[in-house]
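Remarks on the overall topology
The residues making up each chain are set out below.
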Amino acid sequence: MKATDFDKAFDAGSDVSDALDWSKARRRNDQSRRVNVDFPAWVVDALDKQARHLGVTRQSLIKLWIAERLG
């Protein structure tokens, strides 16, 4: 598929996943680095409550929220 055809199909909302080679997909800047952050107890409690509500871990929730805010 030519790039122009791919762009048109993508822009039209078509499923273009079959045109991609997912085995070669990579995320840029995906190296992890540890960061320690101290939160007041009430923040940790609120994070835990929200994480339980969503069925994810506290760490996953924090990473998701930060990524959404920065992205």
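Above: the structure in question.
Residues numbered from 1 in each chain as written. Predicted model: local features only at pLDDT ≥ 70, side-chain atom pairs only at ≥ 80, totals over all residues. Heavy atoms only, no water.

Here's the deal with the overall build of the protein chain
Basically, it comes down to this: Under the scheme used here, helices are H or I runs from DSSP no shorter than 4 residues and strands are E runs no shorter than 2 residues, and both carry numbers assigned from the N terminus. Radius of gyration means the value over C-alpha atoms here, while the globule rule gives 2.2 Å times the residue count to the 0.38 power. Partly exposed residues are those whose accessible area sits between 20% and 50% of the maximum for their type, while under 20% is buried and over 50% is exposed, using a 1.4 Å probe and protein chains only. What sets the accessible areas is the Shrake-Rupley method with a 1.4 Å probe; for residues, cover comes only from the shown protein chains.
Check the secondary structure of the protein chain and you find 3 helices and 0 strands. For the protein chain, the sequential pattern of α-helices and β-strands runs α-α-α. Rg of the C-alpha trace for the protein chain: 19 Å, well past the compact-globule value of 11 Å for 71 residues, more than 25% over. Counting across all 71 residues of the protein chain, residues that qualify as buried make up 8%. Per element, the accessible surface of the protein chain, about 7200 Å² overall, is 50% carbon and sulfur.

A few points about the packing of helix α2 (residues 41-54) against helix α3 (residues 58-70)
Heads up, the condition is: Every angle, taken between N-to-C directions, lies between 0 and 180 degrees, and every axis is a line fitted to C-alpha atoms, over only the stretch in contact when it is a helix. Each angle receives one of four descriptions, namely roughly parallel if under 35 degrees, roughly antiparallel if over 145, roughly perpendicular if within 65 to 115, and oblique otherwise. Residue contacts are counted whenever heavy atoms from the two residues lie within 4.5 Å of one another. Gly falls in the polar group here, along with every residue not listed as nonpolar (Ala, Val, Leu, Ile, Met, Phe, Trp, Tyr, Cys, Pro) or charged (Asp, Glu, Lys, Arg).
The geometry of α2 relative to α3 is characterised by a closest axis approach of 9 Å and an angle of 95 degrees between their N-to-C directions. Here α3 runs roughly perpendicular to α2, going by the angle between their axes. Of α3, the residues touching α2 (which contributes V44, L47, D48, Q50, A51 and L54) are R58, L61, I62 and W65. In terms of residue class, the contact of α2 with α3 is made up of 7 nonpolar, 1 polar and 2 charged.

Points about the pattern of salt bridges
Short version of the rule: Salt bridge criterion: a side-chain nitrogen from Lys or Arg within 4 Å of a carboxyl oxygen from Asp or Glu.
Tallied over the full model, the rule gives 2 salt bridges. A salt bridge links D21 to K24, with the shortest nitrogen-to-oxygen separation between them at 3.9 Å. Of the charged contacts in the structure, one is a salt bridge between R58 and D48, with a shortest N-O distance of 2.6 Å. Placement of the pair is R58 in helix α3 and D48 in helix α2, with a sequence separation of 10 residues. With a relative accessible area of 37%, R58 lands in the partly exposed category.

Here's the deal with a nonpolar patch on the surface
Quick reminder of the rule: Grouping into patches uses exposed residues only, defined as over 30% relative accessible area, and leaves out salt-bridged ones; the cut-off is 9 Å for like charges and 5 Å for nonpolar side chains (Val, Leu, Ile, Met, Phe, Trp, Tyr).
The grouping of V35, V37 and F39 at the surface amounts to a nonpolar patch, some 290 Å² of accessible area in total. Mapped onto the elements of the fold, F39 is located in the loop between α1 (3-11) and α2. Look at F39 and you get partly exposed, because its relative accessible area is 39%.

Side note on the environment of R26
Positionally, R26 belongs in the loop between α1 and α2. Measuring from C-alpha to C-alpha, the distance between R26 and T57 comes to 24 Å, with 31 residues separating the pair along the chain.

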